[in-house]
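Take a look at the letters that make up each chain.
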Amino acid sequence: MDKEILSVKEFCKKTGLAEYVVRRLISEGYAVTFKCGNKVYLHYEMTIKRMFNIK
């Protein structure tokens, strides 16, 4: 079973996107994120759906 909550680097590896692109998605509000201290984690499935407007 794949993890649903990923760090920025894990998300980059899984999607093939560059880290700066993922960080831009986060800052622009396209990514579904969770913050724990200074770390940011992304919900993989919900972020992909939001990026491609899948309902």
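Up top is the structure.
Treat the numbers as computed from the prediction; the structure is a model and nothing was measured.

A. Representation of the environment of Lys39 within the structure. With respect to the helices, strands and loops of the structure, Lys39 is situated in strand S3 (residues 39–43). For Lys39, a relative accessible area of 52% corresponds to the exposed category. Remark: the alpha-carbon pair of Lys39 and Leu6, spanning 33 residues in sequence, is separated by 11 Å.

B. Focus on the nonpolar core. In terms of nonpolar packing, the biggest core is built from seven residues, these being Leu6, Val8, Phe11, Cys12, Val22, Ala31 and Leu42. Considering every element that reaches this core, the biggest residue donor is helix H1 (residues 8–15), with three residues.

C. Local environment of the environment of Thr15. Take Thr15: it is sitting in helix H1. By relative accessible area, which is 26% here, Thr15 ends up partly exposed. Once residues lying within four places of it in the same chain are set aside, the contact partners of Thr15 are Tyr44 and Ile48. Engagement of the side chain of Thr15 in a polar contact is seen with the backbone oxygen of Phe11, the distance being 2.8 Å. A polar contact is formed between the side chain of Thr15 and the backbone nitrogen of Leu17, at a distance of 3.3 Å.

D. Region of the structure containing the packing of H1 against helix H3 (residues 44–51). Across the interface, H1 lies against H3 with an axial gap of 12 Å and an inter-helix angle of 60 degrees. Between H1 and H3, the angle falls in the class oblique. Relative to H3, H1 is oriented so that their crossing is right-handed. Along the contact surface, H1 presents Phe11, Lys14 and Thr15, while H3 presents Tyr44, Thr47 and Ile48. Of the residues in the contact of H1 with H3, the class split is three nonpolar, two polar and one charged.

E. Inspection of helix H2 (residues 19–28) at higher detail. Burial in H2 covers these residues: Val21, Val22 and Leu25. All buried residues of H2 fall inside an arc of 100 degrees around its axis, so they share one side. Structural note: H2 exposes Tyr20 and Ser27 on the side pointing more than 90 degrees away from its buried face. For H2, the elements touching its buried residues are H1, S3 and H3.

Reading guide: rules and limits
- Residues numbered from 1 in each chain as written.
- Predicted model: local features only at pLDDT ≥ 70, side-chain atom pairs only at ≥ 80, totals over all residues.
- Heavy atoms only, no water.
- Helix = DSSP H or I, 4+ residues; strand = E, 2+ residues; numbered from the N terminus.
- Buried < 20%, exposed > 50% of the residue type's maximum accessible area, 1.4 Å probe, protein only.
- Core = buried A, V, L, I, M, F, W, Y, C linked by side-chain atoms within 4.5 Å.
- Contact = heavy atoms within 4.5 Å.
- Polar contact = N/O pair within 3.5 Å; in protein donor to acceptor, adjacent residues only side chain to side chain.
- Axes fitted to C-alpha atoms, helices over the stretch in contact; angles between N-to-C directions.
- Parallel < 35°, antiparallel > 145°, perpendicular 65-115°, else oblique.
- Left-handed = near helix turned anticlockwise from the far one by under 90°.
- Nonpolar A, V, L, I, M, F, W, Y, C, P; charged D, E, K, R; others polar.
- Arc of directions from axis to C-beta.

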